[in-house]
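If you want the building blocks of each chain, they are given just below.
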Amino acid sequence: MSAPPRVLTVAGSDSGGGAGIQADLKTMLAFGVHGMSVLTAVTAQNSLGVQGAWELPGEAVRAQYRSVVDDIGVQAVKTGMLASTELVETVAELIGGTDAPVVVDPVGVSKHGDSLLAEDALDSLRTKLLPVATVATPNLDEVAQLTGVRVESEDGMRRAAAALLSYGPQWALIKGGHLVGDAVDFLTDGSEEHWLRAPRLDNRHTHGTGCTLASAIASGLAKGRSVPEAVAAAKEYVTGAIAAGFALGGGIGPVDHAWRWAAGRRA
Ligand SMILES: Nc1ncnc2c1ncn2[C@@H]1O[C@H](COP(=O)(O)OP(=O)(O)OP(=O)(O)O)[C@@H](O)[C@H]1O
Ligand SMILES: Cc1ncc(COP(=O)(O)O)c(N)n1
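These numbers were taken from a predicted model, which means no experiment stands behind them.

> Go over the overall build of the protein chain with me, naming the residues and quoting the values.
Of regular secondary structure, the protein chain possesses 9 helices and 9 strands. In terms of C-alpha radius of gyration, the protein chain reaches 17 Å, essentially the compact-globule figure of 18 Å for 267 residues. When the backbone C-alpha atoms are referred to their principal axes, the protein chain occupies close to 45 × 40 × 40 Å. Expressed as a percentage of its 267 residues, the buried residues of the protein chain come to 55%. Relative to all contacts within the protein chain whose residues are 6 or more apart in sequence, the contacts with residues 24 or more apart total 66%. Looking at the protein chain as shown, the accessible area adds up to about 11,200 Å², and 52% of this sits on carbon and sulfur atoms. For the protein chain, the distance from the average site of its 21 positive side-chain charges to the average site of its 29 negative ones is 6 Å.

Pasting the structure below:
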């Protein structure tokens, strides 16, 4: 049997299982790739918010990365919560040495508004991590923090993408999940433009949407899809996962990573 494509997530743990490393590995399973992880931070987190966060030392992140890459190898990398300047710079240096495509989800705050990245790490994110990204996937708050462009319309997404590309990622995917109206995302490399449009789903259980979308893109890239193909397949997957998102705990529940198997699972 030949091995499936291998995808590495470099991200934080969400104890509640809805976002972070846990969302990434579930998404990778759903895409039929072999998921691997480099843990950057541990969060105590549930449907109500983030109750605590502890980052790992740079040395521990470096050692995990080397263990995976030097023996198993990777066909795509996804980054999520990086917590601090030290970790952003460590991860940028590590992935700067890979030929594999890299999806950077510049995680800033959780859905509940809890900070997952130190404010002083923004500059390293801009100048060290974005230049090594194949695709960067900010939401509207993150792109405003990174570029200063506040998006209030679809035209604003074009301006934000151009500003983001000036830091060096090959592609910018601006996620319009927080706009009103349809859930519209905008993908561009500065010449091609792709609008990804899905109906806005009336489901509050959306914990993990950003991590899920980025991991789905990385999985498609590992299978050899082009960036526009991988993003289109990822958008379809996250839309289905949001539609099937379910209540857990007293707050915002997770998207359903197993939605394509749900009929069999719940029967
Ligand atoms: N209510 C919704 N209905 C349909 N699609 C949505 C909805 N909310 C978000 N999306 C889609 O989910 C994906 C993730 O976008 P979003 O803007 O939510 O990312 P994020 O802000 O990083 O995630 P989070 O808010 O969980 O931190 C995008 O493709 C977006 O369009
Ligand atoms: C450890 C961790 N990483 C990332 C997120 C953001 O989640 P989302 O996918 O909802 O943007 C989170 N809440 N926790």
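Past the structure itself, the notes keep going.
> Could you give an account of the pairing of strand β2 (residues 34–46), naming the residues involved and the relevant values?
Side-chain direction in a regular strand flips from residue to residue, so the side chains alternate between the two faces of the sheet. Of the pairings in the sheet, the one linking strand β1 (residues 6–14) to β2 comprises 9 bridges and is parallel in character. Its bridge partner lying in β2, T9 is registered against S37. What joins β1 to β2 is helix α1 (residues 20–30), and the crossover it makes is right-handed. Judged from the 6 bridges that link them, β2 and strand β3 (residues 49–55) form a sheet pairing that is antiparallel. By the bridge assignment, A44 is partnered in β3 with G52.

> Quick rundown of unusual backbone geometry? Include the residues and the values.
Located in the positive-phi region is A83, a residue other than glycine, with phi close to 65°. Note that A83 resides in the loop between β4 (76–79) and α3 (85–95).

> Pulling in residues and values, what's your account of the nonpolar core?
Of all hydrophobic cores here, the largest spans 47 residues; its most connected members are L8, L129, L164 and I174. Per-element accounting of this core gives the leading share, 6 residues, to α3. Dropping the residues within four chain positions of it, L8 is found in contact with M28, M36, S37, V38, Y65, V68, V69, V74, A76, V77 and K78.

> With reference to specific residues and values, describe the sheet that holds β3.
Strand order in the open sheet formed by 9 strands is β3-β2-β1-β4-β5-β6-β7-β8-β9, with mixed pairing between adjacent strands. The open sheet has two free edges, formed respectively by β3 and β9 (193–198), since each of these has just one partner strand. Against the sheet, helix α8 (residues 227–243) engages β6 (135–136), β7 (171–175), β8 (183–188) and β9, with an angle of about 10° to β9.

> Account for the side chain of E142, naming residues and giving values.
Its location among the elements puts E142 in helix α5 (residues 140–147). For the buried E142, no salt bridge exists, and the shortest N-O distance to an oppositely charged side chain is 4.5 Å, to K175. A polar contact of 3.2 Å, which involves the side chain of E142, links it to the backbone nitrogen of G108.

> Give me the lowdown on the packing of helix α7 (residues 209–222) against α8, citing residues and values where you can.
Where α7 contacts α8, the two axes come as close as 8 Å, and the packing angle between them is 140°. Accordingly, the angle class assigned to the pair α7 and α8 is oblique. In terms of crossing hand, the pair formed by α7 and α8 is right-handed. Between α7 and α8, the contacting residues are T209, T212, L213, A216, I217, G220 and L221 on the first element and V227, A230, V231, A234, K235, Y237, V238 and I242 on the second.

> Could you give me a rundown of the pattern of salt bridges, with the residues and numbers involved?
Tallied over the full model, the rule gives 11 salt bridges. We note a salt bridge from D24 to K78, for which the minimum N-O separation is 2.9 Å. Note that D24 is positioned in helix α1 and K78 in strand β4, a separation of 54 residues in sequence. Comparing D24 with K78, the two get one shared label, buried. Where D123 meets R126, a salt bridge forms, and the shortest distance between an N and an O atom there is 3.3 Å. Taken together, the positions of D123 and R126, both in helix α4 (residues 122–129) and 3 residues apart, correspond to about one turn of that helix.

> Go over the packing of aromatic side chains with me, naming the residues and quoting the values.
The final tally for this structure, using the stated rule, is 3 aromatic pairs. Ring centres of F31 and Y237 lie 5.0 Å apart, and the angle between their planes is 75°; this geometry places the pair in the edge-to-face category. Here Y237 lies in helix α8 and F31 lies in the loop between α1 and β2, a separation of 206 residues in the sequence. Accessibility assignment for this pair places F31 and Y237 in one class, buried. Relative to W195, the ring of F186 lies with its centre 4.3 Å away and its plane at 35°, an arrangement referred to as tilted. Judged by its relative accessible area of 30%, W195 falls in the partly exposed class. An aromatic cluster is present here, built from F31, Y237 and W259 joined pairwise through their rings.

About the thresholds
- Residues numbered from 1 in each chain as written.
- Chains lettered and ligands numbered in written order.
- Predicted model: local features only at pLDDT ≥ 70, side-chain atom pairs only at ≥ 80, totals over all residues.
- Heavy atoms only, no water.
- Helix = DSSP H or I, 4+ residues; strand = E, 2+ residues; numbered from the N terminus.
- Rg over C-alpha atoms; globule rule 2.2 N^0.38 Å.
- Buried < 20%, exposed > 50% of the residue type's maximum accessible area, 1.4 Å probe, protein only.
- Contact = heavy atoms within 4.5 Å.
- Areas by Shrake-Rupley, 256 points an atom, 1.4 Å probe, with all protein chains shown as cover.
- Lys, Arg positive; Asp, Glu negative; His and termini not counted.
- Charge placed at Lys NZ, Arg CZ, Asp CG, Glu CD.
- Pairing = 2+ DSSP bridges.
- Right-handed = clockwise from strand over helix to strand, strands pointing away.
- Core = buried A, V, L, I, M, F, W, Y, C linked by side-chain atoms within 4.5 Å.
- Axes fitted to C-alpha atoms, helices over the stretch in contact; angles between N-to-C directions.
- Salt bridge = Lys/Arg side-chain N within 4 Å of Asp/Glu carboxyl O.
- Polar contact = N/O pair within 3.5 Å; in protein donor to acceptor, adjacent residues only side chain to side chain.
- Parallel < 35°, antiparallel > 145°, perpendicular 65-115°, else oblique.
- Left-handed = near helix turned anticlockwise from the far one by under 90°.
- Phe/Tyr/Trp six-rings, centres within 6.5 Å; stacked < 30°, edge-to-face > 60°.

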